[in-house]
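In case you want the letters, here they are:
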Amino acid sequence: MRKDFVVEPLVMGVAQNLFLGSTVFAHVHTAAKAYASYVEQQGLFRVTECKAFRPTDLFLVRHAAIRLDGVAIVALESASLLLGFDGRRLPALILCHEGECHLRQGKRRYALHDGDCLYTRLDKPRLEIKELSAGILIAMVPERLQQMAEIMCRNKIDPETLKRRLTGEPGEGVQASISLLAAPLAQAIKQVVVLIDQMTSADESWPASLRLDDLVLRLVVHHLVPELCSHAAVPNPWPGVTRVSQPDLDSLCDWMRANCHQALTINDLEQRLHYSRRSLQLAFQRRFGCGPMQWLREQRLAAAHERLENPLPADTVSSISQAVGYRSLASFSREFKRYYCCKPSALLRQSERHD
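Residues numbered from 1 in each chain as written. Predicted model: local features only at pLDDT ≥ 70, side-chain atom pairs only at ≥ 80, totals over all residues. Heavy atoms only, no water.

(A) Just the sheet that holds strand β5 (residues 81-86), in detail. In space, the 5 strands of this open sheet follow the order β2-β5-β10-β7-β8, with antiparallel pairing throughout. For this open sheet the edge positions go to β2 (46-51) and β8 (108-113), each flanked by a neighbour on one side alone. Each strand of the sheet is rotated relative to its neighbour by a mean of 15°, with strand direction disregarded. Judged from the 5 bridges that link them, β2 and β5 form a sheet pairing that is antiparallel. Within the sheet, the bridge partner assigned to lysine 51 lies in β5 and is leucine 82. Packing against the sheet, helix α1 (residues 32-41) makes contact with β2 and β5, and its axis sits at approximately 160° to β2. (Pairing = 2+ DSSP bridges. Helix = DSSP H or I, 4+ residues; strand = E, 2+ residues; numbered from the N terminus. Axes fitted to C-alpha atoms, helices over the stretch in contact; angles between N-to-C directions. Contact = heavy atoms within 4.5 Å.)

Right, here's the structure in full:
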């Protein structure tokens, strides 16, 4: 931990509400170029854009940061800011606790208000602040987060479903709550950050010795995977809908995997198990965090990935896509790349070279 921080006065209206509020860690910046340089010196992000939101606005940013093993906590307060940076696709939790801010990542745009909490992967984000706002960004080492998730979620959730949730990029049909987390998480994280701030101000070794970074990671995993709270009552969004039994759901999943090469529909699933569509949707949402057809797509992609890594002599991307149930090669290639971040043709060529 650096000890050469400059003590600077508190000059912004809601500074007393800013977490990591000690002047030991907080810096006030009035020049965009100097602030961008300061952020890059911390070694976490490379700044690609930094200026006031409007040309006529005064540039003023209050910034504080603490780094623990596997977790970096950044507190930010400003009334006008455009900040683009290379996030290196780090998993991150963003909490807004004053005002409103916007985060753009490619075609996605998130609006965060007071109390909102967003989990995402920082894919070259652009932070936009138009009025006095304050928030916290918690960036995590991917390997640490994944390791913690695997430890906590063993035998609790399907590995592919866990992997999808950790990407922070929900696909079609996935509930938005997987990324935009519930208020209890924001409250718990706020309390931990305040505790880290207070303890670090007194003794910099305390948060590390108590492994408070592990506590932050556990809170993130717990709220990304509500199935961990097995004793909690799961609210039924459709009162009166028959609940699918565990053996029936397991049997249906086995049948769907074995027949994923066929053009299955939700009607086929209803006829196979003799439950209503709404019962099936609720069962899959509770078990996997997504609908049955989204889960089927994931199984098809997983089967294709296995086949591409271990191809038969006559295999092509087209033949493999058809073998796992895709009727459109373009659709398969697009979904595979979005899910695995690589083209199926590239994976096939790599596997053939290794053979």
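Following the structure, the description resumes.
(B) Seen up close, empty space enclosed by the protein. Scanning all chains against the criterion turns up 1 cavity of 30 Å³ or more. Within this model, the largest cavity holds a volume of roughly 310 Å³. Contributing elements (two or more residues each) for the lining of the largest cavity: α1, β4 (71-78), β5, β6 (91-98), β7 (100-105), β10 (126-129) and β11 (133-140). The greatest single-element share of the lining of the largest cavity, amounting to 5 residues, is contributed by β11. A class-by-class count of the residues in the lining of the largest cavity yields 18 nonpolar, 4 polar and no charged. (1 Å grid on protein atoms, 1.4 Å probe; cavity = no way out; pocket = protein on both sides within 12 Å on 5 of 7 lines; lining within 4 Å. Points joined across faces, edges and corners; volume = space filled by probe spheres on them. Nonpolar A, V, L, I, M, F, W, Y, C, P; charged D, E, K, R; others polar.)

(C) Seen up close, the pattern of salt bridges. Tallied over the full model, the rule gives 17 salt bridges. Residue arginine 287 is joined to aspartate 250 by a salt bridge in which the shortest nitrogen-to-oxygen separation is 3.0 Å. Taken as a pair, arginine 287 in helix α9 (residues 277-288) and aspartate 250 in helix α7 (residues 246-258) lie far apart in primary sequence, 37 residues in all. Residue classification places aspartate 250 among the partly exposed residues on the basis of a relative accessible area of 28%. (Salt bridge = Lys/Arg side-chain N within 4 Å of Asp/Glu carboxyl O. Buried < 20%, exposed > 50% of the residue type's maximum accessible area, 1.4 Å probe, protein only.)

(D) Seen up close, α1. All of the buried residues in α1 are Ala32, Tyr35, Ala36, Tyr38 and Val39. Seen end-on, α1 carries its buried residues on one side only, within an arc spanning 160°. Exposed residues on α1 whose side chains face more than 90 degrees from its buried face are Lys33 and Gln41. Summarising the contacts, the buried residues of α1 are in contact with β1 (26-29), β2, β3 (61-68), β4 and β5. Positive backbone phi, at 80°, marks glycine 43, one or two positions downstream of α1. (Arc of directions from axis to C-beta.)

(E) The arrangement of the sheet that holds strand β9 (residues 117-121) in detail. Across the sheet, 6 strands lie side by side as β1-β3-β4-β11-β6-β9; this open sheet has antiparallel pairing. Strand pairing shows two members of the sheet lacking a second neighbour, β1 and β9, which therefore form its edges. Each strand axis lies, on average, 20° off the axis of its neighbour in the sheet, ignoring direction. Sheet analysis places β4 next to β11, joined by 8 bridges and oriented antiparallel. Looking at β11, one finds that leucine 76 is bridged to glycine 135.

(F) Examining the packing of aromatic side chains more closely. Under the definition given, this model contains 9 aromatic pairs. Both rings, one in phenylalanine 284 and one in phenylalanine 288, keep their centres 5.7 Å apart while their planes meet at 40°; by these two values the pair is tilted. With phenylalanine 284 and phenylalanine 288 both in helix α9, this residue pair falls 4 residues apart, about one helical turn. A residue is classified by how much of its surface remains accessible, and phenylalanine 284, at 0% relative accessible area, is buried. Taken together, the aromatic side chains of Tyr326, Phe332, Phe336, Tyr339 and Tyr340 make up a single cluster linked through ring pairs. (Phe/Tyr/Trp six-rings, centres within 6.5 Å; stacked < 30°, edge-to-face > 60°.)

(G) Just the confidence of the model for the protein chain, in detail. Predicted confidence across the protein chain gives a mean pLDDT of 80, with 81% of residues reaching 70 or more. Scored below 50 in pLDDT, residues 1-17 shows 38 contacts in the model against residues more than four places distant or in partner chains. Between residues 170-181, whose pLDDT stays under 50, and residues either more than four places distant or in other chains, the model counts 26 contacts. (pLDDT = per-residue confidence, 0-100.)

(H) Examining the nonpolar core more closely. In terms of nonpolar packing, the biggest core is built from 34 residues, with Leu93, Ile138 and Met140 touching the most fellow members. Contacts of methionine 140, omitting those with residues within four sequence positions, involve Gly70, Val71, Leu90, Pro91, Ala92, Leu93, Tyr119, Leu145, Leu217 and Val220. Cys50, Phe59, Ala92 and Ile94 belong to the second largest nonpolar core, which has 32 residues in total. (Core = buried A, V, L, I, M, F, W, Y, C linked by side-chain atoms within 4.5 Å.)

(I) A look at the environment of serine 321. Turning to its location among the elements, serine 321 is positioned in helix α11 (residues 317-323). On the basis of relative accessibility, which here comes to 1%, the residue serine 321 falls in the buried class. C-alpha of serine 321 to C-alpha of arginine 300: the two residues are 21 residues apart in sequence and 8.6 Å apart in space. Here serine 321 is in contact with Tyr326, Leu329 and Phe332, once residues within four sequence places are set aside.

(J) Quick peek at the state of the cysteines. Under the defined criterion, the tally for this structure stands at 0 disulfides. Of all cysteine sulfurs in the structure, the one in cysteine 101 sits closest to cysteine 96, which takes part in no disulfide; the separation is 4.6 Å. Not engaged in a disulfide, the cysteine cysteine 342 finds its nearest cysteine sulfur in cysteine 341; these two sulfurs lie 7.7 Å apart. (Disulfide = S-S within 2.5 Å.)

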